[in-house]
Amino acid sequence: MPRVLVVEDERKVLRGLEQGLRSAGYEVSTAATGGDGARLGLAGGFDAVVLDWMLPELDGLQVLAALRAAGQPVPVLLLTARDTVDDRVAGLDAGADDYLCKPFAFTELLARLRALLRRGQTDREAVLRAAGVEIDLLRRRVSRDGSEVALTHREFELLEYLARHKGRPVSREMLGRDVWKDPNYALTNVVEVYVNLLRKKLDPPGGPSVIATVRGVGYRLEE
Ligand code: CA
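Residues numbered from 1 in each chain as written. Predicted model: local features only at pLDDT ≥ 70, side-chain atom pairs only at ≥ 80, totals over all residues. Heavy atoms only, no water.

Outline the coordination of the calcium ion, listing residues and values.
In the first shell of the calcium ion, the protein supplies D9 (OD), D52 (OD) and M54 (O), at 2.1 to 2.4 Å from the metal. Each donor residue of the calcium ion belongs to the same chain, with the gaps between them written as D-x42-D-x1-M. With a gap of 43 residues between them, D9 in the loop between β1 (3-7) and α1 (11-23) and D52 in strand β3 (residues 48-52) connect regions that are remote in the sequence. On the accessibility criterion, D9 (33% relative accessible area) is partly exposed. (Donors = N, O, S within 2.8 Å, 3.2 Å for Na, K, Ca; no water. Helix = DSSP H or I, 4+ residues; strand = E, 2+ residues; numbered from the N terminus. Buried < 20%, exposed > 50% of the residue type's maximum accessible area, 1.4 Å probe, protein only.)

Before we move on, could you go through the packing of aromatic side chains and cite the residues and values that matter?
In the structure shown here, the tally under the stated rule is one aromatic pair. Relative to Y194, the ring of W180 has its centre 5.5 Å away and its plane inclined at 70°; by these criteria the two rings are edge-to-face. A residue pair is termed long-range when its members are at least 10 positions apart, and W180 in the loop between α7 (172-178) and α8 (190-202) and Y194 in helix α8 qualify at 14 residues. If you follow R3 out to its NZ or CZ, it ends over the ring of F46, 4.8 Å from the centre. (Phe/Tyr/Trp six-rings, centres within 6.5 Å; stacked < 30°, edge-to-face > 60°. Lys NZ or Arg CZ within 6 Å of the ring centre and 35° of its normal.)

Describe the pairing of strand β6 (residues 127-130), and please don't skip the residues or the numbers.
Of the two faces of β6, the one holding L128 and A130 is buried and the one holding V127 and R129 is not buried anywhere. Note: β6 against strand β7 (residues 133-136), four bridges, orientation antiparallel. Bridging across to β7, R129 finds its partner in E134. The antiparallel pairing of β6 with β7 creates a hairpin that spans two residues between the two strands, and A131 there sits at a positive phi of about 50°. (Pairing = 2+ DSSP bridges.)

Can you tell me about the packing of helix α2 (residues 34-43) against helix α3 (residues 60-69), naming the residues and giving the values?
At a minimum axis separation of 9 Å, α2 and α3 run at an interaxial angle of 20°. Classed by the angle they form, the pair α2 and α3 counts as roughly parallel. Seen from above, α2 lies across α3 with right-handed handedness. Packed against α2, whose contacting residues are G34, G37, A38, G41 and L42, the element α3 presents V63, A66 and L67 at the interface. Each residue belonging to the contact of α2 with α3 can be placed in one class, and the counts come to five nonpolar, three polar and no charged. (Axes fitted to C-alpha atoms, helices over the stretch in contact; angles between N-to-C directions. Parallel < 35°, antiparallel > 145°, perpendicular 65-115°, else oblique. Left-handed = near helix turned anticlockwise from the far one by under 90°. Contact = heavy atoms within 4.5 Å. Nonpolar A, V, L, I, M, F, W, Y, C, P; charged D, E, K, R; others polar.)

Before we move on, can you summarise the domain arrangement of the protein with the specific residues and values?
One can read the domain layout of the protein as domain 1 (3-121) and domain 2 (127-221). Once you take the C-alpha centre of each, domain 1 and domain 2 turn out to be 27 Å apart. Every contact between the two is made by seven residues of domain 1 and, on the other side, 10 residues of domain 2. Interface area for domain 1 against domain 2, summed over the two sides, is near 800 Å², with a carbon-plus-sulfur share of 56%. When residues of domain 1 are sorted by the area they lose upon contact with domain 2, L92, D93 and R119 head the list and together hold 59% of the total. Across the contact surface, domain 1 and domain 2 share one salt bridge. Where D97 meets R168, a salt bridge forms, and the shortest distance between an N and an O atom there is 3.0 Å. The interface formed by domain 1 and domain 2 includes one residue pair in polar contact (both at pLDDT 80 or more). Broken down by element, the side of domain 1 that touches domain 2 gets its largest block of residues, four residues, from helix α4 (residues 85-93). Split into classes, the residues belonging to the side of domain 1 that touches domain 2 amount to four nonpolar, no polar and three charged. (Domains from an automatic or database assignment. Buried area = accessible area lost by both parts, 1.4 Å probe. Salt bridge = Lys/Arg side-chain N within 4 Å of Asp/Glu carboxyl O. Polar contact = N/O pair within 3.5 Å; in protein donor to acceptor, adjacent residues only side chain to side chain.)

Right under this line is the structure:
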């Protein structure tokens, strides 16, 4: 049974999520403050965390930062009443795997949670697959629909990063920080140049690009 930690300070919402997730077959632990959420999350053992952004003591982004700083890779679904591009980028940059804007339908939360749990399993595999592209992490080989594609070291790193976040938007800031190890790259067009190089090598002739542009945010490798 997958174990989920729910961190939410609105008692009614917390009870609703707890009951709904239990009926859907999850084992649920709850916390009503950011402090308790961080303590439980850091103790580990969860398959996913549903984390509200606005919380007392520590807010959701601070809880997330504490988890990631401790090397805790648990997938996190951020709940937020905020929905501007800046907020979304801030949430993704802080290490959230997905976000859901309040008010949301419980069925959508369940669907996103299932997707996060599936991705958690993929991350442990030595071969990543997305949009007809196969990335063999051990042999560092890439193929598209069965034919091998030669990539440079940097192209490979960029593709691996996009594949680990497949189906989710990745910001230029994340790519600068995690692929180039230099946040200043987000400000240059280097990221864009490399994305276009990858597109040239991977996109099917005449078909839509495997790497979509997410306006105002960055890029997304299709699933
Ligand atoms: Ca709240």
